[in-house]
Amino acid sequence: MSDPLLPELTPENTAFWTSGARGELMIAHCDACDHAIHPPELICPKCLSRRVTPRAARGSGTVHSFTTNHQRWLPDLTVPYTLVVVDLDGQPGVRLTARLDDADAADVAIGQRVQVGFVQAEDVWIPHFRRMDG
């Protein structure tokens, strides 16, 4: 039985959750209007086309917002940890929320440059970010 806290793989999200095995961050795009779609969907919300395919993103971006959590929601959860909302480079309108791995909460700033990495959990690869500036 899989961990209930991990995402369920579906036709629209499998590329996103498994491409980390190759070191890639896959974002769904509409082939008809080139709209970047996240979270992934099978139908473009902009033009309603069903021609949606995942494309590799650069994986870099800029911190749009962040929060540091001090609450231990699960017994084995290490706190504090910081979650960032990242504007992805080359993916207009796409923001990805993920954990920031290598920074003390006092060192995180809006506008900071980050790069994606992945942590494997069973059959999914969870995006995490690291600061690009040290």
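Residues numbered from 1 in each chain as written. Predicted model: local features only at pLDDT ≥ 70, side-chain atom pairs only at ≥ 80, totals over all residues. Heavy atoms only, no water.

A. Structural context of the sheet that holds strand S4 (residues 60-69). Strand order around the closed barrel formed by 5 strands is S4-S5-S6-S8-S7, with mixed pairing between neighbours. The sheet shows a mean angle of 45 degrees between the axes of neighbouring strands, direction not considered. In this structure, S4 lies alongside strand S7 (residues 113-121), joined through 3 bridges in antiparallel fashion. Bridge pairing links Ser60 to Gln115 in S7. (Pairing = 2+ DSSP bridges. Helix = DSSP H or I, 4+ residues; strand = E, 2+ residues; numbered from the N terminus. Axes fitted to C-alpha atoms, helices over the stretch in contact; angles between N-to-C directions.)

B. Expanded view of the packing of aromatic side chains. By the definition in use, this model includes 1 aromatic pair. Ring geometry for Phe16 and Trp17: centres 4.8 Å apart, planes at 85 degrees, overall edge-to-face. (Phe/Tyr/Trp six-rings, centres within 6.5 Å; stacked < 30°, edge-to-face > 60°.)

C. Just the sheet that holds strand S3 (residues 52-57), in detail. An order of S2-S1-S3 is seen for the 3 strands of this open sheet, with the pairing classed as antiparallel. Bordering the open sheet on either side are strand S2 (36-37) and S3, each of which pairs with just one other strand.

D. Inspection of the nonpolar core at higher detail. Among the nonpolar cores identified, the biggest contains 23 residues, and Leu25, Ile27, Val84, Leu88, Leu100 and Phe129 are the most heavily contacted of them. Every element with two or more residues in this core is listed here: helix H1 (14-18), strand S1 (25-30), strand S5 (81-88), strand S6 (95-100), S7 and strand S8 (124-131). Listed in part, the 5 residues of the second largest apolar core include Ala28, Ile37, Cys44 and Val52. (Core = buried A, V, L, I, M, F, W, Y, C linked by side-chain atoms within 4.5 Å. Buried < 20%, exposed > 50% of the residue type's maximum accessible area, 1.4 Å probe, protein only.)

E. Spatial organisation of the pattern of salt bridges. By the definition in use, this model includes 7 salt bridges. Across the salt bridge formed by Asp31 and Arg55, the nearest N and O atoms sit 3.6 Å from each other. Remark: Arg55 occurs in strand S3 and Asp31 occurs in the loop between S1 and S2; sequence separation between them is 24 residues. Classification of Asp31 by relative accessible area gives partly exposed; the value is 35%. Here Arg95 makes a salt bridge to Asp87, at a shortest N to O gap of 2.6 Å. Overall, the relative accessible area of 27% leaves Asp87 in the partly exposed class. One continuous salt-bridge network, built from bridges that share partners, spans Asp31, Asp34 and Arg55. (Salt bridge = Lys/Arg side-chain N within 4 Å of Asp/Glu carboxyl O.)

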